[in-house]
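Structure assessment
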Protein chains: 2
Amino acid sequence: MVSTKFIDQLSTKYKINFDNPKLLEEAFTHSSYANEHPEAGIRDYEKLEFLGDAVLELAISAYLYRNFSELNEGELTRMRSNIVDTEGFAEFAQKFGFPEQINLGHGEEKAGARARKTLLEDVFEAFNGALFLDQGMDAVKHFLSLTVFPLIDAGKFDASRDYKTDLQELLQQDGPVKIEYTVLQEEQTPSRFTVQLAVNDQVLSQGQGHNKKAAEQEAAKAALTKLN
Amino acid sequence: MVSTKFIDQLSTKYKINFDNPKLLEEAFTHSSYANEHPEAGIRDYEKLEFLGDAVLELAISAYLYRNFSELNEGELTRMRSNIVDTEGFAEFAQKFGFPEQINLGHGEEKAGARARKTLLEDVFEAFNGALFLDQGMDAVKHFLSLTVFPLIDAGKFDASRDYKTDLQELLQQDGPVKIEYTVLQEEQTPSRFTVQLAVNDQVLSQGQGHNKKAAEQEAAKAALTKLN
């Protein structure tokens, strides 16, 4: 269950107060826990994630529209997907102490789901969905001003940031190289792609993302980290 | 230019009043017109479309979340994409007299762009983006309560509605049939896919959409209309 300490921290450090604590609990409940504990009567976070995904999309789009007026529509779109399709959300979830609060079933706990980036992304979205329902869009914007917006301003999601191109340039400095991205796994609802990257038939890295493109970018990013 | 008659109609019939008429003008300006008339100093609608896309996504997600509590996350997601990925927006644009207001360049006018569904979809999104900026989310919800929401309630975008599956069932009543979807064209920014549908190597229909899946659904829908 979400701890009192965590709730206090949200309030004192970040001025986030939930009127309905059940929504907060729901945002932190994985389906494996809800299935194992029907007596708890908590729904899993998936519906809040559905809503939170759209909440984040609009909050971030409006922020980009207002603060990056020099960018054209294509650049704005690319920057938006750099933000919402990467592992950034998982990092925020970690920074804010979300992992410890997640209600997980035994099997998933054993499998290490608590540290799984895709799960942390989901919880970050669900949390924003809950915050939107409970406190409205202004509260979400306030939360994002503590998390996502400063990194946007610092250029972390720069529209020109394209890991696949960077990797290609790095690898092909001394002549042509065969770079291959293969989809290993494709999950639906929520959609999750796992892509493998091979260079000259040697597997180099993997990446995960909400769509194929995002997963490829993550694989390229991981390869760059390995090579640098 | 957007006519006074249209602006009056928005106000009297739908209680929609823009404080900043330049935003309304921008929502109806295609890039071909902006390019041909730099002296007019109007930006094309693409940035408003970027914003409007996210505005509609959230307004519709929140409506579904609140009014279809019996659906699970997968069904909600499918229903949402049935709404935002289909030609529905173009129909509303037509119904509300949007086509006549669009500022188009000569070439595009000759090519029949004024009746092009994908362009009408874009303008519908841009209009909602402009309305959001000028009047806020409540005004958007009011507009959607006159357009999209009643059709959602009437079951038009039912989660069970899947044209590809319907087509497959219809065609394979008397045994196996080869159904093939081929991407003919893929445009970026804004993304636009054109898919061709062939049955037993005979081309039957085409479909367009914001992504491959949506374009395939449109192709299947067109084929069903032809066959029924």
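Scroll up to find the structure.
First, a word on what this report is: a plain description of the structure on this page. A quick note: this is a predicted structure, and the numbers were derived from the prediction, not measured.

Basis of the calculations
Residues numbered from 1 in each chain as written. Chains lettered and ligands numbered in written order. Predicted model: local features only at pLDDT ≥ 70, side-chain atom pairs only at ≥ 80, totals over all residues. Heavy atoms only, no water. Buried < 20%, exposed > 50% of the residue type's maximum accessible area, 1.4 Å probe, protein only. Helix = DSSP H or I, 4+ residues; strand = E, 2+ residues; numbered from the N terminus. Pairing = 2+ DSSP bridges. Contact = heavy atoms within 4.5 Å. Salt bridge = Lys/Arg side-chain N within 4 Å of Asp/Glu carboxyl O. Least-squares fit on C-alpha atoms with pLDDT ≥ 70 in both. Buried area = accessible area lost by both parts, 1.4 Å probe. Polar contact = N/O pair within 3.5 Å; in protein donor to acceptor, adjacent residues only side chain to side chain. Nonpolar A, V, L, I, M, F, W, Y, C, P; charged D, E, K, R; others polar.

Comments concerning the pairing of strand β2 (residues 192–199) of chain A
Residues and elements named next belong to chain A. Counting buried positions over the eight residues of β2 gives eight, a clear majority of the element. Residues Arg192, Thr194, Gln196 and Ala198 line one face of β2 and the alternating positions Phe193, Val195, Leu197 and Val199 line the opposite face, and both faces are buried. Here seven bridges tie β2 to strand β3 (residues 202–209), and the two strands are oriented antiparallel to one another. Counted as the bridge partner of Val195 is Gly207 from β3.

Examining the environment of A:Leu76
Here A:Leu76 shows up in helix α5 (residues 73–84). The spacing of A:Leu76 and A:Gly129 is 53 residues in sequence and 23 Å in space, taken between C-alpha atoms. In contact with A:Leu76, other than residues within four places in its own chain, are A:Leu64, A:Phe68, A:Leu71, B:Lys47 and B:Phe50.

Focus: the pattern of salt bridges
Residues and elements named next belong to chain B. Overall, the coordinates contain 22 salt bridges over all chains when judged by the stated rule. The partner of Lys156 in a salt bridge is Glu91, and the shortest N-O contact between them spans 3.1 Å. Taken as a pair, Lys156 in the loop between α10 (148–153) and α11 (163–171) and Glu91 in helix α6 (residues 88–95) lie far apart in primary sequence, 65 residues in all. The exposure class assigned to Lys156 is partly exposed, which follows from its relative accessible area of 31%. Among the residues examined, Glu91 registers a relative accessible area of 35% and is labelled partly exposed. Across the pair Asp201 and Lys178 runs a salt bridge, and its minimum N-O distance is 2.7 Å. Here the residue Asp201 occupies a position in the loop between β2 (192–199) and β3 (202–209), and Lys178 occupies one in the loop between α11 and β1 (179–187), the gap between them amounting to 23 residues.

Some thoughts on the relation of the copies chain B and chain A
Between chain B and chain A, the superposition needs a rotation of 180 degrees and an axial shift of 0.1 Å, giving an RMSD of 0.1 Å. The symmetry that links the two subunits is that of a two-fold axis.

Side note on the interface of chain B and chain A
If you look at the interface, chain B gives 30 residues, while chain A gives 30 residues. With both chains or domains summed, chain B and chain A bury close to 2,600 Å², and 68% of this area falls on carbon and sulfur atoms. Counting the surface chain B buries against chain A, the share from its top three residues, B:Phe50, B:Tyr65 and B:Glu73, is 32%. Our count for the contact surface shared by chain B and chain A stands at two salt bridges. A:Arg80 is the partner of B:Asp53 in a salt bridge, and the nearest nitrogen-oxygen pair spans 3.5 Å. Linking chain B with chain A are ten residue pairs in polar contact (both at pLDDT 80 or more), by the criterion used here. A total of 15 residues in the side of chain B that touches chain A trace back to one element, the largest contributor, which is helix α4 (residues 46–67) of chain B. The class makeup of the residues in the side of chain B that touches chain A is 16 nonpolar, five polar and nine charged.

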